[in-house]
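# An overview of the molecular structure
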Amino acid sequence: MPRRLTGFTPSGDLHLGNYFGAIAPIIAGQTTTDTVVFISDLHALTLDHDPTQVHRRTLEFATLLLAAGTDPESCLFLVQSHVPEHTELHYLLECTTGYGEAQRMIQFKEKSGRQQQVRMSLLTYPILMAADILLYDTDEVPVGEDQRQHVELARTVAQRFNTRYAPVFTVPTAVNPPVAARLMDLTSPADKMSKSAATPGGALRLLDEPDVLRRKVMRAVTDADNAVAYDPDRKPGVSNLLAILAACTGHAPEDLASRFDRYGELKEAVADTVVTTLTPIRDRYLHLSADPGHVQKALRAGAEQARDLAGAKIRQAKAAIGLLPA
């Protein structure tokens, strides 16, 4: 059974695109795939951040994952910083990675170009991501194109370490996530729906109240005419609504388009379906968040289990690289 790893950085607010792109595949595969799910809270520290928000969102993301159906009995479920072996392996891999390799990462170039003061962690976090992956002998990492380069770095570092020192690490493979609709911003359909949307009306957040979800859909940007057709290039607004409806119902957006004569009808159907999809998750979240001790207990159990796996891998890596055992 292949081991598959997925991480969620606690910044912004999880939305419908995150659910269909990353969370739903975890739930669908956790009984047939050896699954690792973790909150990558250390990655949230690479940019300027509010410590209270990182703390809040770490617990919020963990609770939402449980509310959506992630089962700690079927997968390894943890918070990254609760397993210190992540940072321990990070340093060992830094000793196996070239400065130029880290500097060439596209996300580093993009994010560092927008800041006056660049944190060293922004440069080295792809190596921490490699540690996250290699620590658990991960076979598969579902990633979009924006993260594929980081998985390639993990492969390079693993192969170099294995060749130079000893065959310690499983060499991971980047895999495409299960096909999911590319959901766009409701107010700016040329942009992808984002956890950190520029306008609050652009993203359908998992914790939005039903009335808020409905209002966002009804105010969504459409197109100049009133013809319902799936054509992302020429009709991005209405095509995005059809993509949302398709993601929620499992039907093809092209087939759904033929069922509606007017935008108003389409928006009503999308609003109803989104509310039906997300309300049970929100209700379960509210139930779980009333007893945060339950969530924290699950995270502690996951960290203990993870440390058993990670500790063995660290001991192997230390011995291979030449460190004296304690």
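Attention here is on the structure that accompanies the text. (Residues numbered from 1 in each chain as written. Predicted model: local features only at pLDDT ≥ 70, side-chain atom pairs only at ≥ 80, totals over all residues. Heavy atoms only, no water.)

Looking at the secondary structure, you find His90 in helix H3 (residues 85-94). For His90, a relative accessible area of 13% gives the class buried. A polar atom in the side chain of His90 sits 3.3 Å from the backbone oxygen of Thr124. Once residues within four sequence positions are removed from consideration, His90 is found in contact with Thr124, Ile127, Leu128 and Ala131. (Helix = DSSP H or I, 4+ residues; strand = E, 2+ residues; numbered from the N terminus. Buried < 20%, exposed > 50% of the residue type's maximum accessible area, 1.4 Å probe, protein only. Polar contact = N/O pair within 3.5 Å; in protein donor to acceptor, adjacent residues only side chain to side chain. Contact = heavy atoms within 4.5 Å.)

As a further point, take the packing of helix H8 (residues 210-218) against helix H11 (residues 263-289). Viewed as axis vectors pointing N to C, H8 and H11 meet at an angle of 150°, and their least axial separation amounts to 9 Å. Looking at the two axes, H8 sits roughly antiparallel to H11. H8 and H11 meet at a crossing whose hand is right-handed. Within the contact between the two elements, H8 uses Pro210, Leu213, Arg214, Val217 and Met218 and H11 uses Lys267, Glu268, Val270, Ala271, Asp272, Val274, Val275, Leu278, Thr279 and Arg282. The residue inventory of the contact of H8 with H11, partitioned by class, reads nine nonpolar, one polar and five charged. (Axes fitted to C-alpha atoms, helices over the stretch in contact; angles between N-to-C directions. Parallel < 35°, antiparallel > 145°, perpendicular 65-115°, else oblique. Left-handed = near helix turned anticlockwise from the far one by under 90°. Nonpolar A, V, L, I, M, F, W, Y, C, P; charged D, E, K, R; others polar.)

Bringing the pairing of strand S3 (residues 76-79) into the picture now. Both faces of S3 are covered, namely the face carrying Leu76 and Leu78 and the face carrying Phe77 and Val79. For strand S2 (residues 34-39) and S3, the ladder comprises four bridges, and the chain directions are parallel. Each residue of the ladder has a partner; that of Ile39, found in S3, is Val79. In the classification by handedness, the crossover that spans S2, the intervening helix H2 (residues 51-68) and the parallel S3 is right-handed. (Pairing = 2+ DSSP bridges. Right-handed = clockwise from strand over helix to strand, strands pointing away.)

The next point concerns unusual backbone geometry. Unusually for a residue other than glycine, Asp137 sits at a positive phi of about 50°. In this fold, Asp137 is placed in the loop between helix H6 (120-134) and strand S4 (140-142). Since its relative accessible area comes to 25%, Asp137 is described here as partly exposed.

In this section: the pairing of S2. Of all six residues in S2, five are buried, a share of seventy percent or more. Across six bridges, strand S1 (residues 3-8) lies against S2 in parallel orientation. Bridging from a neighbouring strand, Arg4 pairs with Thr35 of S2. Tracing the backbone out of S1, into helix H1 (residues 16-29) and back to the parallel element S2 gives a crossover that is right-handed.

On to the nonpolar core. Core analysis: the largest hydrophobic core is formed by 53 residues, its most contacted members being Phe8, Leu16, Leu204, Ile244, Leu266 and Val274. No other element matches the 10 residues that H11 contributes to this core. Among residues more than four places away in sequence, those in contact with Leu16 are Leu183, Met193, Leu204, Leu206, Ile244, Cys248, Val274 and Leu278. Core analysis: the second largest hydrophobic core is formed by 37 residues, Leu5, Ala130, Val141 and Phe161 among them. (Core = buried A, V, L, I, M, F, W, Y, C linked by side-chain atoms within 4.5 Å.)

What follows concerns the environment of Leu241. In this structure, Leu241 sits in helix H9 (residues 236-249). For Leu241, a relative accessible area of 1% translates into the label buried. In this structure, the C-alpha to C-alpha distance between Leu241 and Pro253, residues 12 residues apart in sequence, is 8.9 Å. The residues touching Leu241, leaving out its near neighbours within four places in the chain, are Leu186, Val217, Ala220, Thr222, Leu266, Lys267 and Val270.

What follows concerns the pattern of salt bridges. Applying the stated criterion across every chain yields a total of 16 salt bridges. We note a salt bridge from Lys318 to Glu88, for which the minimum N-O separation is 2.6 Å. Note that Lys318 is positioned in helix H12 (residues 292-321) and Glu88 in helix H3, a separation of 230 residues in sequence. In this structure, Arg234 and Asp231 form a salt bridge, with 2.8 Å as the shortest nitrogen-oxygen distance. (Salt bridge = Lys/Arg side-chain N within 4 Å of Asp/Glu carboxyl O.)

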